[in-house]
Amino acid sequence: MSSSRDCKKRPYLHEIEEEVMFYDTDCGGVVHNLAYLRMVEKCRTRLAAQLGFDLKTMGQDGIFPVVVRIEVDYCKPAQLADILLIRGWLSEWKRARFWCEFEIFRNDELLVTTRQSLALVKMPEGKVQRLPVLEKD
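Since this is a predicted model, take the numbers as computed values, not measurements.

Quick notes on the side chain of Thr 114
The topology assignment puts Thr 114 in strand 5 (residues 109-122). Take Thr 114: its relative accessible area is 1%, and that puts it in the buried class.

What follows is the structure, given as structure tokens:
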């Protein structure tokens with residue numbers, strides 16, 4: 001995965017902050033592994049809007065970016081009430097798939113990295129679509 005220093009050079013980058021809530025944690029106050037993916041989902045949704053896949057357009061056109069692969073490294077745990085920075089960027093854009101990468105930080109401490117492969121799918125048919133040409137900033 002790319003380092004956080006590299007991602008700042010990316011033309012498509014999005015960051016959000018999330019406070020760890022009770023529903024994100026287990027009985028010991030440690031963030032559950034699926035909660036990180038929910039946070040990444042929120043960041044990825046905002047990143048998708050930058051790529052032309054905003055929620056309203058997707059709902060009207062019926063074409064959605066669908067996750068087909070996830071790779072996750074859990075480096076250190078977050079805990080209840082931590083403020084986390086979730087940073088995501090586009091790392092690859094091909095004919096039918098694209099990859100986004102994400103990092104989750106508590107202050108300057110890297111907690112989680114994840115890489116996700118997505119494809120555009122026309123619903124309800126479930127037909128994979130060719131990606132449009134991506135304009136560079």
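A short note on the pattern of salt bridges
Scanning the entire structure with this criterion turns up 13 salt bridges. Residues Glu 18 and Arg 38 are paired through a salt bridge, measuring 3.8 Å at the closest nitrogen-oxygen approach. Highlighted residues: Glu 18 in strand 1 (residues 13-19) and Arg 38 in helix 2 (residues 33-50), separated in sequence by 20 residues. Here Glu 18 falls in the buried class, since its relative accessible area comes to 10%. Two residues, Glu 103 and Arg 87, come together in a salt bridge whose shortest N-O distance is 3.8 Å. Of the two residues, Glu 103 is situated in strand 4 (residues 97-106) and Arg 87 in strand 3 (residues 83-93); the sequence distance between them amounts to 16 residues. Residue Glu 103 shares its accessibility class with Arg 87, and that shared class is buried. Three or more residues joined by partner-sharing salt bridges are found here, namely Glu 18, Asp 24, Arg 38 and Lys 42.

Here's the deal with helix 2
Compared with the 26 Å implied by 1.5 Å per residue over 18 residues, the 27 Å span of helix 2 between its first and last C-alpha is a close match. Taken as a whole, helix 2 has its buried residues at Ala 35, Tyr 36, Met 39, Val 40, Cys 43, Arg 44, Leu 47 and Ala 48. Packing partners of the buried residues in helix 2 comprise strand 1, strand 2 (63-74), strand 3, strand 4 and strand 5. Gly 52 sits one or two positions beyond helix 2 and adopts a positive phi of about 100°.

Quick notes on unusual backbone geometry
Note the cis peptide between Met 123 and Pro 124, where omega equals 10°. Along the chain, Pro 124 falls in the loop between strand 5 and strand 6 (127-129). Its identity is not glycine, yet Ala 81 carries a phi of approximately 80°, on the positive side. With respect to the helices, strands and loops of the structure, Ala 81 is situated in the loop between strand 2 and strand 3. The class for Ala 81 is partly exposed, based on a relative accessible area of 46%.

Quick look at the environment of Thr 45
With respect to the helices and strands, Thr 45 occurs in helix 2. When the C-alpha positions of Thr 45 and His 14 are compared, they lie 9.6 Å apart, and in sequence the two are 31 residues distant. Polar side-chain contacts of Thr 45 include one of 2.8 Å to the backbone oxygen of Glu 41.

What counts and what doesn't
Every chain begins its residue count from 1, and numbering advances along the sequence as written. Only residues with pLDDT of at least 70 are given local features in this predicted model, and only at 80 or more are side-chain atom pairs given and counted; all residues enter the totals for whole chains, interfaces and linings. As a rule here, side-chain values cover all heavy atoms of the structure and leave hydrogens and water aside. Secondary structure elements follow DSSP: runs of H or I of four or more residues count as helices, runs of E of two or more count as strands, with numbering from the N terminus. Each residue is assigned to one of three classes by its accessible area relative to the maximum for its type, calculated with a 1.4 Å probe on protein chains only: buried under 20%, partly exposed between the two thresholds, exposed over 50%. A pair is scored as a salt bridge if a Lys or Arg side-chain nitrogen falls within 4 Å of a carboxyl oxygen belonging to Asp or Glu. Between the first and last residue of a helix there are one fewer steps than residues, each counted as 1.5 Å, and that sum is the expected span. Two residues form a contact once any of their heavy atoms are found within 4.5 Å. Distance and chemistry together define a polar contact, namely a pair of N or O atoms within 3.5 Å, with one atom able to donate a hydrogen and the other to accept it when in protein, and with adjacent residues in sequence counting only for side-chain atoms on both sides.

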